[in-house]
Amino acid sequence: MSQNFNFKQRQKRHGGGKIGGCSVAPLPRNLTSEPICCLFCEATFLPAEDPTYSHLLAHLVSSHKFVIADMKLIADMRSYLKYWRKRFEEDDITNFCSIIRTNSAAADKEDSEDFYLLCDALPEDRELREKLQQKRLEYVLEVQQQERTDTSFSRDCLFCKKHFEGHLHELFDHMTSEHHVNIGQPDNIVFGNELLDLIEEKLHKFQCLFCEKEFKDWAVLKEHMRKKQHKRINPKNMSYDKFYIINYLELGKNWEAVQAESDAPDPSAMGEDEWKDWEEEGPGAKCLFCDTTSLDLKVLLEHMKETHSFDFHEVKTKLQLSFYKQVKLVNFIRRRVNQQGCIACEEKFETQQALLSHMTNTNHISSPDPEMWDQPEYFFPTYEDDRFLCALDDDVGEGQPEEDVVVVPEPVPVKTDSSVLHDEHLRKSIA
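So, a few notes on the structure that sits alongside this text. (Residues numbered from 1 in each chain as written. Predicted model: local features only at pLDDT ≥ 70, side-chain atom pairs only at ≥ 80, totals over all residues. Heavy atoms only, no water.)

1. Let's talk about the packing of helix H4 (residues 77–90) against helix H5 (residues 123–149)
Here comes step 1: Viewed as axis vectors pointing N to C, H4 and H5 meet at an angle of 150 degrees, and their least axial separation amounts to 11 Å. The orientation of H4 with respect to H5, classified from their angle, is roughly antiparallel. For H4 against H5, the interelement crossing comes out right-handed. Contact residues: H4 offers Ser79, Tyr80, Tyr83, Trp84 and Arg87, while H5 offers Glu124, Asp125, Leu128, Arg129 and Leu132.
Here comes step 2: Classifying every residue of the contact of H4 with H5 gives five nonpolar, one polar and four charged. (Axes fitted to C-alpha atoms, helices over the stretch in contact; angles between N-to-C directions. Helix = DSSP H or I, 4+ residues; strand = E, 2+ residues; numbered from the N terminus. Parallel < 35°, antiparallel > 145°, perpendicular 65-115°, else oblique. Left-handed = near helix turned anticlockwise from the far one by under 90°. Contact = heavy atoms within 4.5 Å. Nonpolar A, V, L, I, M, F, W, Y, C, P; charged D, E, K, R; others polar.)

2. Describing the environment of Phe312
Here comes step 1: Within the secondary structure, Phe312 sits in helix H12 (residues 312–318).
Here comes step 2: Residues Phe312 and Leu301 lie 11 residues apart in sequence; the distance between their C-alpha atoms is 6.7 Å.
Here comes step 3: Not counting residues up to four positions away in its chain, the partners in contact with Phe312 are Leu301, Met304, Gln326, Leu329, Val330, Phe388 and Leu392.

3. Section: helix H8 (residues 218–227)
Here comes step 1: Buried within H8 are the following residues: Leu221, His224 and Met225. Summarising the axial view, the buried residues of H8 lie within an arc of 95 degrees, below the 170-degree limit, and thus occupy one face. What points out from H8, more than 90 degrees from its buried face, is the exposed set Ala219, Lys222 and Lys227.
Here comes step 2: On its buried face, H8 is in contact with helix H7 (192–204).
Here comes step 3: Of the residues that open H8, the one with a side-chain oxygen 3.3 Å from the backbone nitrogen of Ala219 is Asp217. (Buried < 20%, exposed > 50% of the residue type's maximum accessible area, 1.4 Å probe, protein only. Arc of directions from axis to C-beta. Polar contact = N/O pair within 3.5 Å; in protein donor to acceptor, adjacent residues only side chain to side chain.)

4. Examining the pairing of strand E7 (residues 153–156)
Along any regular strand the residues' side chains alternate between the sheet's two faces.
Here comes step 1: Here E7 shows one buried face, formed by Phe153 and Arg155, and one open face, formed by Ser154 and Asp156.
Here comes step 2: Of the pairings in the sheet, the one linking E7 to strand E8 (residues 163–166) comprises four bridges and is antiparallel in character. By the bridge assignment for E8, Phe153 is matched with Gly166.
Here comes step 3: The hairpin formed by E7 and E8 contains six residues between the paired strands. (Pairing = 2+ DSSP bridges.)

5. Description of the state of the cysteines
Here comes step 1: The tally for this structure, following the rule as stated, stands at zero disulfides.
Here comes step 2: Distance from the sulfur of Cys287, which forms no disulfide, to the nearest cysteine sulfur (Cys290) is 3.7 Å.
Here comes step 3: Take Cys287: its relative accessible area is 1%, and that puts it in the buried class. (Disulfide = S-S within 2.5 Å.)

6. Some details on the pattern of salt bridges
Here comes step 1: Scanning all chains against the criterion turns up 22 salt bridges.
Here comes step 2: The shortest N-O distance in the salt bridge between Lys65 and Glu113 comes to 3.8 Å. Within this pair, whereas Lys65 is found in the loop between helix H3 (54–64) and strand E4 (66–68), its partner Glu113 is found in the loop between strand E5 (98–101) and strand E6 (114–118), the two being separated by 48 residues in sequence.
Here comes step 3: Relative accessible area serves as the criterion here: at 35%, Glu113 is assigned to the partly exposed category.
Here comes step 4: Glu130 is paired through a salt bridge with Arg126; the nearest N and O atoms lie 3.1 Å apart. Remark: Arg126 and Glu130 occur in helix H5; sequence separation between them is four residues, near one turn of the helix.
Here comes step 5: A relative accessible area of 32% means that Arg126 is categorised as partly exposed. (Salt bridge = Lys/Arg side-chain N within 4 Å of Asp/Glu carboxyl O.)

Structure representation (structure tokens):
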């Protein structure tokens, strides 16, 4: 295979492997210290010193006129190189690689050179990459399982002085429920201690987790993150990708690509016949008191009424709750139940079942006191993407208007020597 192709143009088009943008998972610790050998010579490279393999790529290009496309998407570089070194010894390299001829245009003055390109357009290479991706996923899932069952975790909260021992997810749950910091669902997180190290490093530099601006002290950073609602990590920062399982599911795809494929179809592009068979997908809204979910909020409200004796519609109508007060009520109940505490008397229980039995037997589940939940802190959701909140409406009280917002003007001192109000001629002209 041969192609007349400008090498500089090819580099620009492929952009160093930005098809998916996933970060490569860390290698097991016992492999990071072992050198990786070049495909064609005895030169070696240490992954611990060059995790992106930029030195290896530069060596292959300069010394052997050889290019591996999208290297950052290769899950296990050591195994990848070992496989192709053996294959190149068995057969001619031209049977696997395209030939890229540089400076091939008539106007080019520099000498023409041939480079060999190995990429996943070759079925054998694609299959190898997918197998290595699968092995990496299995390794990451194994690490995650170890983290879930490990009870030796010990660490202070990054936002308060509370100390946690036992399970890693307890600290993540605490940061979400108590500090409203959205790191993501613990079930989707892997290499959790390393993620906490990264976040802690940023906070020590007084750096915002979302916009990544740095501030002069902790108080200013804390106020900024609160006002701007920046209590979450930056989804565009790819250094976080390796901490989330979703980024390991498919070769060359990170969470954005996977999420885009799972989104519902565009309604504007669907014909009338297509709507007949279309059904809403997703996990649905979750009950405020148990794990029951439903795509239909009416079904879920009926479940809460029949199973838990909590009539949300009756509470909403009786208290004339505006949309925003409904949000606060839901977030209040979510947080209390998540902490296994009663929504009326604040008593806490060891299990969710014990909590539900207490609230049912004492009738503490019917209607919590507004003084407890009608607080600004409950504007913030307890769960990420709470479908219950998305399904709320503001048709309370048969057309009752939303509560008025009172705006109090701030008094501004007027300098008497510069105010236009002291211009007598001007006052008479506008009188």
